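# Chain and residue survey
Single-letter residue listing:
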Amino acid sequence: MTGPTVLAFGGNALLFDPRDPSTQEREAAAFARAVRLLMDREEGMVLVHGNGPQVGMILLRIEATREHIPAETLDIMVAETQGSIGYLLCRSLRNEIPDREIAAVLTQVLVDPGDSAFATPSKPVGPYYAKEVAEGLISSRGWMMRERADRGWRRVVPSPRPLEIVELHTIMDAVGHGHLVIAGGGGGIPVIRDEKGELSGVEAVIDKDLTACKLALATGAERFVILTDVPHVSTGFGSASERRIDRMKASRARRLLTRGEFPPGSMGPKVEAAAIFAESTGLSALISSIEQLRRALEGDGGTWVDP
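Everything in this summary refers to the structure shown in the same document. The model shown is predicted, which means the values in this text are computed figures rather than measured ones.

Assigned secondary structure in the protein consists of nine helices and 17 strands. Here the C-alpha radius of gyration of the protein, 19 Å, is about what a compact globule of 307 residues would show, namely 19 Å. For the protein, the C-alpha atoms occupy an extent of roughly 55 × 50 × 45 Å along the three principal directions. Looking at the protein residue by residue over its 307 residues, the buried ones come to 49%.

Of note, K123 is situated in strand β5 (residues 123–129). Separated by 95 residues in the primary sequence, K123 and A28 have C-alpha atoms spaced 26 Å apart. With sequence-adjacent residues up to four places away left out, K123 is seen in contact with R155, V156, V157, S159 and V205.

The next thing to look at is the packing of helix α6 (residues 208–218) against helix α8 (residues 267–281). Running from amino to carboxyl end, α6 crosses α8 at an angle of 15°, the nearest separation of the two axes being 8 Å. By the criterion of interaxial angle, the relationship of α6 to α8 is roughly parallel. As α6 runs across α8, the sense of the crossing is right-handed. Residues K208, D209, L210, C213, A216 and L217 of α6 form the contact with α8, whose participating residues are P269, K270, E272, A273, I276, F277, S280 and T281. Per-class residue counts for the contact of α6 with α8 are eight nonpolar, two polar and four charged.

Taken in spatial order, the three strands make up an open sheet running β5-β7-β6, and their pairing is antiparallel. In this open sheet, the two edge strands, each paired with only one partner strand, are β5 and β6 (144–148). Across the sheet, the axes of successive neighbouring strands diverge by a mean angle of 35°, strand direction being ignored. Across five bridges, the pairing between β5 and strand β7 (residues 152–157) is antiparallel. Following the sheet pairing, K123 is matched in β7 by V157. On top of the sheet, helix α4 (residues 131–141) reaches β5, β6 and β7; it is set at about 130° to β5, its chief contact.

Turning next to the environment of P113. Tracing the backbone shows P113 in the loop between β4 (108–110) and β5. Considered as a pair, P113 and I85 are 28 residues apart in the sequence and their alpha carbons are 28 Å apart. What P113 contacts, discounting residues up to four positions off in sequence, is F118 and I192.

The rules behind the values
Residues numbered from 1 in each chain as written. Predicted model: local features only at pLDDT ≥ 70, side-chain atom pairs only at ≥ 80, totals over all residues. Heavy atoms only, no water. Helix = DSSP H or I, 4+ residues; strand = E, 2+ residues; numbered from the N terminus. Rg over C-alpha atoms; globule rule 2.2 N^0.38 Å. Buried < 20%, exposed > 50% of the residue type's maximum accessible area, 1.4 Å probe, protein only. Contact = heavy atoms within 4.5 Å. Axes fitted to C-alpha atoms, helices over the stretch in contact; angles between N-to-C directions. Parallel < 35°, antiparallel > 145°, perpendicular 65-115°, else oblique. Left-handed = near helix turned anticlockwise from the far one by under 90°. Nonpolar A, V, L, I, M, F, W, Y, C, P; charged D, E, K, R; others polar. Pairing = 2+ DSSP bridges.

The structure is reproduced here in structure tokens:
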């Protein structure tokens, strides 16, 4: 028996128009059809979804009611989106792939409270605020805020690296039986463990691509695929010198990351996760878009990161 497939994709894949909620249903159905391309074997599969836009919508609702309802913490918001996105995906996937057992696992991910990310929060979340409002939130809630000249002030939170998937045994058991599991949504619910071994949630956001890589290595995945909103990785993205990358060695990926070629908030974690997988397993990882997935799997599209 060969290993499972681990597929990571961003929350943008399930964005919807608030004026027409049925768009989210259509997006989920389209995604389910793309997943079917990877379900051509009896081995299990793990889906790891992003949740940035969805958490952003929760934060907007919180902002609209902040005078009346206490704000939730980020770990609770991640749990909420794991449930809502997991439900939507489970339903669409069961409709598309009725012969497979499919379930969403509420997933906690352990982080190190000493991670340097807690000292230098850098992950932007939620809406932009005017300076006066931002100063009030800094004072009343202790938030870290960062200004963007053309937009205003926005909260930034830590993005620590994932250390351990708490529900790993359950995920591996299901995958070992050939099931499709949705896990690690939004990078996982961030938790820390105290000296007694007890878990508690923390205000942080974990990168979902790095968590997906952790799951790929832990489950012995044979295929690791990262879907994004562009068909391939490029150097000089968005500039006149942009160049497409069809294949690259993990060592080259590391050099380009060190040079700052790939932004940490977008393509950087995807390239890093693909490089880690290739280096650790001797197998290639694929970065592509949903639209190009079929061609990429046939070797004519996407970007492959090789050992």
